[in-house]
Amino acid sequence: FTQYPTRIPPSPAAMASVVRILPGQYIHVLDQDTNIVQLYTGPRNQTIKDSERQQGSIMEMLVIPPMHYCAVENPVLKGTDGQPVLDRHGQYKVRHGEREIRTAETHPDPFPLYPNEKLHEPPTPLRVIPADHAIRVRARRDFEGRVAGDEWLVTGLTTYVPRAEEEVVQQMIKAIHVLPNAALRLQATREYKDRTGVTRLAGEEWLWRKTGAFVPDVFEVVVAHVRKLVIDGETALHLRAARTFTDVYGKVRKAGSEWLVTSQDTEAHICDVHEELVQKLCLNVLTDRQFCVILNPVGPTGIAQMGLRKLVTGPTQFFLQPGEELEDEEIFDKYVLGKDQALLLTAREDFDDGETKRIAGERWMVHGPCEYVPPVTVNVLEVRQSIPLDISQGVYVRDVQSGRVRAQVGSTYMLKANEELWEKELDSAVEKLLTTQAAGDIVVPTSATHTPEQLRAYEARQPRRVKHQVIKFQVPANSAVQLYDYGTKKSRVVFGPNEVMLGPEEQFNPISLSGGRPKRAGRILTLAVSIGPDFLTDEIEVVTSDHAKLKLLFAINWKFIIAKGEENKIFTVKDCVGDACGTVGAAIRAVVASSTFDSFHKESARIVRQAVLGVDSKGKINSQRVLPKNGFAITNVDVKSVEPVDGKTREMLRQSVHQAIELTTKSLEANSRYQADMSEQQAKGELNQQQIFDDVDAEKLKKQLFVNKSKCEAARTAGQARSEAEAAKESARIQGQSDVAIAKTKAETVQIITNAEIERLQLSQAFEIEVQKKKNQIALEKARRLAQLESGRLKKSVDAIGASTLVGMSRASQEGQAKLLAALNMKGYLITDGSNPVSLLNAASGLLMRHDEVADDSSEL
């Protein structure tokens, strides 16, 4: 526990002249005569004189537990013996303004505070600095080689004991763990010498690469954590030096220089403070079918050769060095040319191409089949393909040297080195007409016939023309197209059905025709003009001699009549429709102006035909009228409708027509009613007559029905009886046949069972006889073999005993013979010399018993 100085209030006894001081206590007593304060510690009884006065109460001594410290201000001065030093007045000398740190090691015993000493800091646990931690300390004054203001670190693992000359600026600094794939970027706040002995200038930066815990020094600031950049076989780092320095690989890098760090240098790289990462490069891999061109390649000296080009072919792999670039930023495949392909090449500079000397700007071609990799002195302009052309297909070809353009038609063609495809431009109106004709239409919609939205949608649907292909146009039947050749200054006309192909200098002559009713100019734009026969309609207003305004709708039949060699005459008049309608309208207006309304209304068709076609000398209407300017022939004219323009006149005409129609309708209704009544009476008579005939026929059918029913009933009864008799007869026959078949089946079954049982008994008995025979044979064989064994054994025994032994046995007593035979493993034998008779009466029974035992043994086997 921690003890703090406490003041004990004086007891009543202490108020007297004697103060009882216990162990671990002390008091301060002031001598009023000398003004000196004395210290008295317990245990003791201190007598207070009249001239003395106790300062304060009794105080407990200070106890500093282990691993604690306290700070005392104005500590007393102690001598070499450790005792306080007194001045000449006998008063304790004090180091005024000083501070003393006391610990359990320096003051293991309780101690009092001397006069003028003050407890600045009570007993406090000492600060334990863990591992990988530190505290920052500053010197408050000069001591032991340190100058006031100096700062340093106290690192763990340790216990920090404070000193009066220093103070803690930063309590606990945790170490930064530097991983194997990282580093710390440090900056010096002032000039100093770091832990490795290197002098660092203020503001200087460097990297700390050592793995493990790192506590920044007092003059070091961690600017950033830098991670390693992993480099594998497919990546490299492009670095630039910000200033001249020596890198971690021991190479001097000048300011602004650039270099690569690959996996051959290191597996991972940490960018130094003077290194800038420009980019992370990927490995360029070329297969055996690829190549590339490097611009500004780096030479043997490591310097980029500006303006040069280097060809690299596969298989290989490489990184682009600083300053190098890939042409077009891509890797090219080798040109593999088929039989119908070729490369158009041009020389970038003069060089020898095998036996041929090429001049800069020269063009030539390499034809397939082959593989080709262009050298750095050659540019590939394009890959050309043979153009397959049908008999009705072609392309425009331009000679780049002479500028001449021609059309190649009808055969597969490969452009030459000095040729190129030429794109033929057309007027926008002609372009629209061609795309419209390709879509199946013959005229182009205009703003007069379609809305802007419809026109935009129509244009979006039209296919785009390939401009270098020969322009084709299919001329419809009974149509004509005019073409103009600006090279020869001549025109030609093509009649349909036919297909026209434009030459390089030829252009279409578009035709603008009038359209609508009444006709308006420029409503129809087309390339082909119909040559008829055809018809057209128009609507005009005419005025009669009695000032009646009429709207006349007429139709004319027409065709072009052109002599051979005068085909261009068709296109003399740009708007043949408008011209024809104008001519016919003028003729009709002139003749109507001299006629009254009634006369024209009654004979409008004849009057119009006379006015348009004319009348011959005999007063007969001509069959046609030909316009001399373009050969446009009008073969017939017809009035479709005549309608007054004035509203009153039109209403009167409508009423008269309505009355005529109403009278006609009523007459038809009356006639229809009469016819309907007559038809109704005739139908009723025919219906009644038919009903009588139907009743007679119905009675006849009823009679026939009754007759047929009786016949059917008789036939049904007879058939039923016959069927029952036949069924009974057939049932009896089937029953008899079934009984006979069952009896035969039973007899056959009994016969089969009996035969099977007899056969089984025969087989069983034959098997038993055979088994018994085999048993008897086995028993006989066993007895024979036993007899042979016994006779062999006996013979061997007799031979082993010998003749003299047998003679001795015959002469021995019976008991000795028995023991001898037992030793020889013999049960009993008869030995005789042949001269004395031997009784064999019981020997036969013994032999028979022995045979039975042998037989029993064989049966068990």
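Coordinates for the structure precede this section.
Summary of the structure given here. (Residues numbered from 1 in each chain as written. Predicted model: local features only at pLDDT ≥ 70, side-chain atom pairs only at ≥ 80, totals over all residues. Heavy atoms only, no water.)

1. Remarks on the overall build of the protein
Counting secondary structure elements, the protein contains nine helices and 56 strands. Taken across its 861 residues, the protein has 31% of its residues classed as buried. Intrachain contacts of the protein at a sequence separation of at least 6 include 62% that bridge at least 24 residues. (Helix = DSSP H or I, 4+ residues; strand = E, 2+ residues; numbered from the N terminus. Buried < 20%, exposed > 50% of the residue type's maximum accessible area, 1.4 Å probe, protein only. Contact = heavy atoms within 4.5 Å.)

2. Focus: a negative patch on the surface
Taken together, Glu325, Asp328, Glu329 and Glu330 make up a surface patch of like negative charges. Within the fold, Glu325 resides in strand β33 (residues 325-326). (Patch = residues over 30% accessible without salt bridge, like charges linked within 9 Å, V, L, I, M, F, W, Y side chains within 5 Å. Areas by Shrake-Rupley, 256 points an atom, 1.4 Å probe, with all protein chains shown as cover. Salt bridge = Lys/Arg side-chain N within 4 Å of Asp/Glu carboxyl O. Lys, Arg positive; Asp, Glu negative; His and termini not counted. Charge placed at Lys NZ, Arg CZ, Asp CG, Glu CD.)

3. Overview of the nonpolar core
Looking at soluble globular proteins, one finds that nonpolar side chains tend to be buried together. Ranked by internal contacts, the top residues of the largest apolar core, which has 36 residues, are Phe560, Ile588, Val608, Val612 and Phe632. Mapped onto this core, the elements with two or more residues apiece are β50 (511-515), β53 (534-543), β54 (549-560), α3 (576-592), α4 (597-602), α5 (604-613) and β56 (632-644). Those residues in contact with Phe632 that lie beyond four places of it in its chain are Leu536, Trp558, Lys559, Phe560, Cys576, Ala580, Arg625, Val626 and Leu627. Grouped together as the second largest cluster of nonpolar side chains are 18 residues, Leu434, Val481, Leu502 and Leu527 included. (Core = buried A, V, L, I, M, F, W, Y, C linked by side-chain atoms within 4.5 Å.)

4. Overview of the sheet that holds strand β23 (residues 235-241)
The strand order across the open sheet built from three strands is β26-β23-β28, with neighbouring strands paired in antiparallel fashion. A single partner strand is all that each edge strand has here, and the edge strands are β26 (258-261) and β28 (275-282). Averaged over neighbouring strand pairs, the angle between their axes works out to 30 degrees when direction is ignored. (Pairing = 2+ DSSP bridges. Axes fitted to C-alpha atoms, helices over the stretch in contact; angles between N-to-C directions.)

5. Details of the environment of Cys282
Take Cys282: it is sitting in strand β28. Ignoring any residue separated from it by four or fewer positions in sequence, one finds Cys282 in contact with Glu234 and Phe319.

6. Considerations on the sheet that holds strand β9 (residues 118-125)
With antiparallel pairing, the three strands of this open sheet are ordered in space as β8-β7-β9. At either margin of the open sheet sits one strand with a lone partner, and together these are β8 (99-103) and β9. Adjacent strand axes in the sheet meet at a mean angle of 15 degrees, parallel and antiparallel pairs treated alike. Sheet analysis places strand β7 (residues 68-73) next to β8, joined by five bridges and oriented antiparallel. Across the sheet, Val72 pairs through a bridge with Glu100, a residue of β8.

7. A short note on the pattern of salt bridges
Here the structure, examined in full by the defined rule, presents 38 salt bridges. Among the ionic pairs, Glu382 bridges to Arg384, the shortest N-O distance being 2.6 Å. The exposure class assigned to Arg384 is buried, which follows from its relative accessible area of 4%. Across the pair Glu420 and Arg398 runs a salt bridge whose closest N-O atoms are separated by 2.8 Å. Taken together, the residues Glu420 in strand β44 (residues 419-421) and Arg398 in strand β42 (residues 394-399) connect sequence positions 22 residues apart. With relative accessibility at 24%, the residue Arg398 sits in the partly exposed group. Each of Glu98, Arg141, Glu144, Arg163 and Glu165 takes part in one network of salt bridges that share partners.

8. Points about the pairing of strand β11 (residues 133-139)
Regular strands show a simple pattern: their side chains alternate between the two faces of the sheet. Looking at chain direction, β11 and strand β14 (residues 166-174) are connected through six bridges and run antiparallel. From the neighbouring strand, Arg138 faces β14, where its bridge partner is Glu167. Alignment of β11 against strand β12 (residues 151-155), held across five bridges, turns out to be antiparallel. Following the sheet pairing, Arg138 is matched in β12 by Glu151.

9. Some details on α5
Buried residues of α5: Ser604, Ile607, Val608, Val612 and Leu613, and no others. Tucked into the core, α5 has its buried residues touching β54, α3, α4, β55 (625-627) and β56. A positive phi of about 85 degrees marks Gly614, the residue just after α5.

10. Considering the packing of aromatic side chains
Scanning all chains against the criterion turns up 13 aromatic pairs. Where Phe351 meets Trp364, the ring centres are 6.3 Å apart and the plane angle is 50 degrees; that geometry is what we call tilted. A residue pair is termed long-range when its members are at least 10 positions apart, and Phe351 in strand β37 (residues 351-353) and Trp364 in strand β39 (residues 363-367) qualify at 13 residues. The exposure class assigned to Phe351 is buried, which follows from its relative accessible area of 13%. Seen in terms of ring centroids, Trp558 and Phe632 are 4.9 Å apart; in terms of plane orientation they differ by 20 degrees. Their pairing is stacked. Within this pair, whereas Trp558 is found in strand β54, its partner Phe632 is found in strand β56, the two being separated by 74 residues in sequence. Here Trp558 and Phe632 have matching classes, each one buried. An aromatic cluster of three or more residues is present, and its members are Phe291, Phe332 and Tyr335. A cation over a ring is seen here: Arg146 above Trp152, with NZ or CZ 3.9 Å from the ring centre. (Phe/Tyr/Trp six-rings, centres within 6.5 Å; stacked < 30°, edge-to-face > 60°. Lys NZ or Arg CZ within 6 Å of the ring centre and 35° of its normal.)

11. Concerning unusual backbone geometry
Cis peptide bonds are those with omega within 30 degrees of zero, and the linkage from Gly368 to Pro369 qualifies with 5 degrees. Even without being a glycine, Asn35 presents a positive backbone phi close to 60 degrees. Counting through the fold element by element, Asn35 comes out in the loop between β3 (25-31) and β4 (36-41). Backbone geometry places Glu144, a non-glycine residue, at a positive phi of 45 degrees. Residue placement: Glu144 occurs in the loop between β11 and β12.

Any link to function would need more than the numbers given here.
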